[in-house]
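Commentary on secondary and tertiary structure
Spelled out, the chains give:
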Amino acid sequence: QKEVEQNSGPLSVPEGAIASLNCTYSDRVSQSFFWYRQYSGKSPELIMSIYSNGDKEDGRFTAQLNKASQYVSLLIRDSQPSDSATYLCAVNQAGTALIFGKGTTLSVSS
Amino acid sequence: DTGVSQDPRHKITKRGQNVTFRCDPISEHNRLYWYRQTLGQGPEFLTYFQNEAQLEKSRLLSDRFSAERPKGSFSTLEIQRTEQGDSAMYLCASQTGGDSPLHFGNGTRLTVT
């Protein structure tokens, strides 16, 4: 059974701080890793994708992947109240379905 | 790119009734996925298609659920003899293939009374 684990939170950070979201996965041969953001009552929207070990930066977001430790994280710099949402980690191998974690709820206070 | 379209947005039905949802993927995407999501949970995989072929179906999926993608374009998800536990958001997503990201529609919220 392939599993993706996330701390459900809530994770609370003040405006301007760095938010750190973590995810572990069970399937060692996983190849593709994604972070989605989901606002309440809305569908998930893609924030970042990462496929190789190391860091990938896009604006205020940085995804970090460590395949040896089966660990992927998302850092949000200069957090804004509009970043308050649930962040979903998703993992798959090529040709198989994307498996999601339960999500971490982030709350950014102004 | 008009995005993934789902219809209806909301459906209220009585227990025991059948319901059918429709999904129109992004036109150049050959893979189409169905997920179900309940409050406080991540999306749960139900099934996926590559073109018209149904390639994978969750072992957790009841045989009351059936999905089709007859011409490799739009897809339908039918739930027969609905139960209150079927109440959830049903999400459709499409993908160009391989390890590219999924693009989600706005979902169909089902309420079974």
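Here goes a summary of the coordinates provided.

Reading the values: the criteria
Residues numbered from 1 in each chain as written. Chains lettered and ligands numbered in written order. Predicted model: local features only at pLDDT ≥ 70, side-chain atom pairs only at ≥ 80, totals over all residues. Heavy atoms only, no water. Helix = DSSP H or I, 4+ residues; strand = E, 2+ residues; numbered from the N terminus. Rg over C-alpha atoms; globule rule 2.2 N^0.38 Å. Buried < 20%, exposed > 50% of the residue type's maximum accessible area, 1.4 Å probe, protein only. Contact = heavy atoms within 4.5 Å. Areas by Shrake-Rupley, 256 points an atom, 1.4 Å probe, with all protein chains shown as cover. Lys, Arg positive; Asp, Glu negative; His and termini not counted. Charge placed at Lys NZ, Arg CZ, Asp CG, Glu CD. 1 Å grid on protein atoms, 1.4 Å probe; cavity = no way out; pocket = protein on both sides within 12 Å on 5 of 7 lines; lining within 4 Å. Points joined across faces, edges and corners; volume = space filled by probe spheres on them. Nonpolar A, V, L, I, M, F, W, Y, C, P; charged D, E, K, R; others polar. Pairing = 2+ DSSP bridges. Buried area = accessible area lost by both parts, 1.4 Å probe. Salt bridge = Lys/Arg side-chain N within 4 Å of Asp/Glu carboxyl O. Axes fitted to C-alpha atoms, helices over the stretch in contact; angles between N-to-C directions.

1. Considering the overall build of chain A
- Broken down by element type, chain A carries 0 helices and 11 strands.
- Radius of gyration (C-alpha) of chain A: 13 Å, near the 13 Å computed for a compact globule of 110 residues.
- Expressed along its principal axes, the backbone C-alpha trace of chain A runs to roughly 40 × 30 × 20 Å.
- Burial statistics for chain A: of 110 residues in total, 45% are counted as buried.
- Relative to all contacts within chain A whose residues are 6 or more apart in sequence, the contacts with residues 24 or more apart total 53%.
- Accessible surface for chain A amounts to roughly 5,100 Å². Of this, 46% is attributable to carbon and sulfur atoms.
- Separation of charge centres in chain A, based on 9 positive and 10 negative side chains, amounts to 5 Å.

2. Here we look at empty space enclosed by the protein
Residue and element names in this part refer to chain A.
- The tally for this structure, following the rule as stated, stands at 1 cavity of 30 Å³ or more.
- Considered as a void within the structure, the largest cavity measures approximately 70 Å³ in volume.
- If you trace the largest cavity, you find 13 residues lining it, with Lys2, Asp27, Ser30, Val91 and Ile99 closest to the centre.
- Of the residues belonging to the lining of the largest cavity, the class tally is 5 nonpolar, 5 polar and 3 charged.

3. Quick notes on the pairing of strand β5 (residues 44–50) of chain B
Residues and elements named next belong to chain B.
- β5 sits mainly inside the fold: 5 of its 7 residues count as buried.
- The pairing of strand β4 (residues 31–37) with β5 spans 6 bridges and is classified as antiparallel. The residue bridging tyrosine 33 from the neighbouring strand is tyrosine 48, located in β5.
- Taken together, β4 and the strand that follows it, β5, pair antiparallel across an intervening segment of 6 residues, in which glycine 40 is found at a positive phi of about 85°.
- Relative to strand β6 (residues 53–57), β5 is paired through 4 bridges, and the arrangement is antiparallel. By the bridge assignment for β6, threonine 47 is matched with lysine 57.
- Counted along the chain from β5 to the antiparallel partner β6, the turn is 2 residues long, and its residue asparagine 51 has a positive phi close to 55°.

4. Quick look at the interface of chain B and chain A
- Taken together, the contact pairs 22 residues of chain B with 18 residues of chain A.
- For the pair chain B and chain A, the summed buried area comes to about 1,600 Å², and 53% of that belongs to carbon and sulfur atoms.
- Contact with chain A buries area across many residues of chain B, yet B:Asp99, B:Pro101 and B:Phe104 alone supply 29% of it, more than any other trio.
- Seen at the junction of chain B and chain A, the total is 0 salt bridges.
- Of all elements in the fold, only β4, β5 and β9 (88–95) of chain B reach the threshold of two or more residues within the side of chain B that touches chain A.
- Per element, the largest residue contribution to the side of chain B that touches chain A is 4 residues, and it comes from β4(B).
- Taken together, the residues of the side of chain B that touches chain A sort by class into 10 nonpolar, 8 polar and 4 charged.

5. Notes on the sheet that holds strand β1 (residues 5–7) of chain B
Residues and elements named next belong to chain B.
- Across the sheet, 4 strands lie side by side as β1-β3-β8-β7; this open sheet has antiparallel pairing. The sheet is open, and its two edges are formed by β1 and β7 (65–68), each paired on a single side. Recorded for the sheet is a direction-independent mean angle of 15° between the axes of neighbouring strands.
- Sheet analysis places β1 next to strand β3 (residues 19–24), joined by 3 bridges and oriented antiparallel. Following the sheet pairing, serine 5 is matched in β3 by aspartate 24.

6. A look at the layout of surface pockets
- The space that makes up the second largest pocket amounts to roughly 430 Å³.
- In this structure, the second largest pocket is lined by 22 residues; those nearest its centre are A:Gln38, B:Gln37, B:Thr38, B:Leu39 and B:Gly40.
- Elements with a contribution of two residues or more to the lining of the second largest pocket: β9 (85–92) of chain A together with β9 of chain B.
- Counting residues per element, the lining of the second largest pocket draws most heavily on β9(A), at 3 residues.

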